[in-house]
Amino acid sequence: SSSEAVAIIKRFPFSSALQRMSVVTVAPRGRSALAFLKGSPEMVASLCRPDTVPAEFSSTLRNFSSEGLRVLALACKPIDINSDMMNIERGEVEKEMQFLGLLMMKNLVKPESAEVINILTLAHIRSVMVTGDNILTAVNVAKNCGMVGSDEKVIFVIATPHTVESMPSLRFSVEDGGPTAAQSPRDLINQAGFSYHLAINGKSFAALCDHFPEYLPKVLMKATVFARMAPDQKTQLVKELQKLNYRVGMCGDGANDCGALRAADVGVSLSEAEASVASPFTSKTENISCVPMLIREARCSLVTSFSLFRYMALYSLIQFFSVLVLNTVKTTFADMQFLFCDLFLVTLLAIVMGRGGPSEDLYPCRPPASLLSLPVFGSLFIHTCMIVLGQLGAFFITTSQGWYIPLNSTVFGTENLPNMENTCVFALSGYQYIIMAVVVTKGFPHKKPLFYNVIFLCLLLIHFALMTLLVLYPGPFFRRIFKLFNFTDMNFKMLLIAVAALNFLVCFVAELLIDLGILNCLRLLRGRRPSKKEYKRLKALLSDSASWPPLDQTLSPTCNTVISFS
């Protein structure tokens, strides 16, 4: 009844596993001592004397939690002033408490959250909430931020562990406003277009893992809300999702998220406190708006890495076939020609082709995740064929001209320079280095368009202009430096450029068709196969199942072992 301050002489800090904290206090001049307790309502009520807990406790808690309020319970009890309060045990303090009441806090959803969740949903990226709050509070927040749609139902997963009085059980309960008396739960599930999400708390999650492991993957496939989760349960949840072949990203801002952040494939700390030590990424903004940006940056990096790999592979193949063609007629490239291609053309393009940055939007399609994927190898094979055809075309066009003079067969290598064969193959291969840099540099949808990479675009124009100069008007200086043959037929020179242009057009169209998925038709030849991803196989299984979830029955473990002692 008084408002005077009391001294805290013993503190038992908050523990996520215990869901509570308590203090021991002494009044001024040591008149009396009191212990105070705060924590989750369910936990606090279990530590209070039953006669002090109001009969309407559960219904009141349910009403407040359903409104999205964060609810804490408060309790106290007197302590013997003559006892050794400095060494008193926590278990002695936190029992036989007197229930005081509930403390409600309104924790509004951050304005960025709903927009980010919508972006991820449109990109076909699944979002899951893992929280220590009450399950009804968590469901309300999930609806406010768009994880659960207004027309979607929430089904609560209730699993109980084995006790002395009862066996483990599992049941699924539809939230209030679900089926009516004239509409059974099964009829609700079988409705056309019916969509639902599962919600489960920490105790049920533990019982599900221990006693119903065969149902755990199915629950994880549809569960969106995980409430009252302890730190080790968050970590276990991440690992269970990874067992389904999900790539799991985790956002957290507290010490109780450290284990899950460390276990996730990508951990993002939303604060610079303890969580930032355990996660590879730390956001400067304390909201989840960094998640789409991180995914866009990651996809851009992956696409750029694959583009560089393909470009360097194609560069090697272009040079390999050029040398091979020339060796068949007992000639080769000049040293300056090699140096020009390797340093000026390829190296400069490879350095700047990765610039440009990620796309502004997050799209549902995903880049190939492996170098051994069909689009990567299919692209390399098709472009290699076009490279060979282009060089052979330039070679045979040259040898078919009326003014063509065959090489001196008694001389080999650079001693045969300059000659017609070398100059035509060098010209076309130089164009092919530029062509492949344009073709394999991906833009939409994971990177910004090519014109955003200004340095790369300018370098392409410079390279193209210089190669065109070497083909059309090389001049005495360049002919001497690069040991080029002086073609006097302008129509022939334009024909070489036309062959290069045709080579570019075919490769560009082929790459565009590969991006649109034309190579997927090859998969039809082998027949339809189950996905390698466990979650995709489960998704297909659940979509065809009319009996899941089993709303109208209580499930028991498939295997129970009874051990008796005499």
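Quick caveat, the model's predicted, so the values are computed rather than measured. (Residues numbered from 1 in each chain as written. Predicted model: local features only at pLDDT ≥ 70, side-chain atom pairs only at ≥ 80, totals over all residues. Heavy atoms only, no water.)

Trainee: Teacher, can you tell me more about the side chain of K77 here?
Mentor: Turning to its location among the elements, K77 is positioned in strand β4 (residues 69-79). A polar contact of 2.9 Å, which involves the side chain of K77, links it to the backbone oxygen of K95. Residue contacts for K77: discarding those within four places in its chain leaves A33, L34, A35, E92, V93, K95, E96 and M97. (Helix = DSSP H or I, 4+ residues; strand = E, 2+ residues; numbered from the N terminus. Polar contact = N/O pair within 3.5 Å; in protein donor to acceptor, adjacent residues only side chain to side chain. Contact = heavy atoms within 4.5 Å.)

Trainee: How do you make sense of the confidence of the model for the chain when you look at a structure like this?
Mentor: Caution applies to low-pLDDT parts of the model: their predicted coordinates are not meant to be read in detail. For the chain, per-residue confidence averages 88 on the pLDDT scale, and 95% of positions sit at 70 or higher. Counted against residues more than four places away or in other chains, residues 177-182, with its pLDDT under 50, gives six contacts. Note that pLDDT drops below 50 for residues 561-566; the model gives that stretch zero contacts with residues more than four away or on any other chain. (pLDDT = per-residue confidence, 0-100.)

Trainee: Help me understand the packing of helix α14 (residues 374-399) against helix α15 (residues 420-440), please; the structure alone is not making it clear to me.
Mentor: Angle between the axes and distance between the axes are the two parameters that describe a pair of packed helices. Running from amino to carboxyl end, α14 crosses α15 at an angle of 155°, the nearest separation of the two axes being 9 Å. Judged by the inter-axis angle, α14 sits roughly antiparallel to α15. For the crossing formed where α14 meets α15, the hand is right-handed. On the side of α14, the interface is formed by H383, M386, I387, G390, Q391, A394, F395 and T398, while α15 contributes M420, E421, C424, V425, L428, S429, Q432, M436 and V439. (Axes fitted to C-alpha atoms, helices over the stretch in contact; angles between N-to-C directions. Parallel < 35°, antiparallel > 145°, perpendicular 65-115°, else oblique. Left-handed = near helix turned anticlockwise from the far one by under 90°.)

Trainee: Would you mind going over the nonpolar core with me for this structure?
Mentor: In a soluble, globular protein the nonpolar side chains are often hidden away together inside. Of all hydrophobic cores here, the largest spans 52 residues; its most connected members are Y311, F340, Y433 and M436. Of all the secondary structure elements, the ones that give two or more residues to this core are α12 (290-328), α13 (335-352), α14, α15, α16 (454-472) and α18 (490-515). Examining the composition of this core, we find that 15 residues originate from one element, α15, more than from any other. Residues within four places of M436 in sequence aside, it is in contact with Y311, L314, I318, H383, I387 and C507. Formed by 40 residues, the second largest nonpolar core is a distinct cluster that contains L216, A263, L542 and W548. (Core = buried A, V, L, I, M, F, W, Y, C linked by side-chain atoms within 4.5 Å. Buried < 20%, exposed > 50% of the residue type's maximum accessible area, 1.4 Å probe, protein only.)

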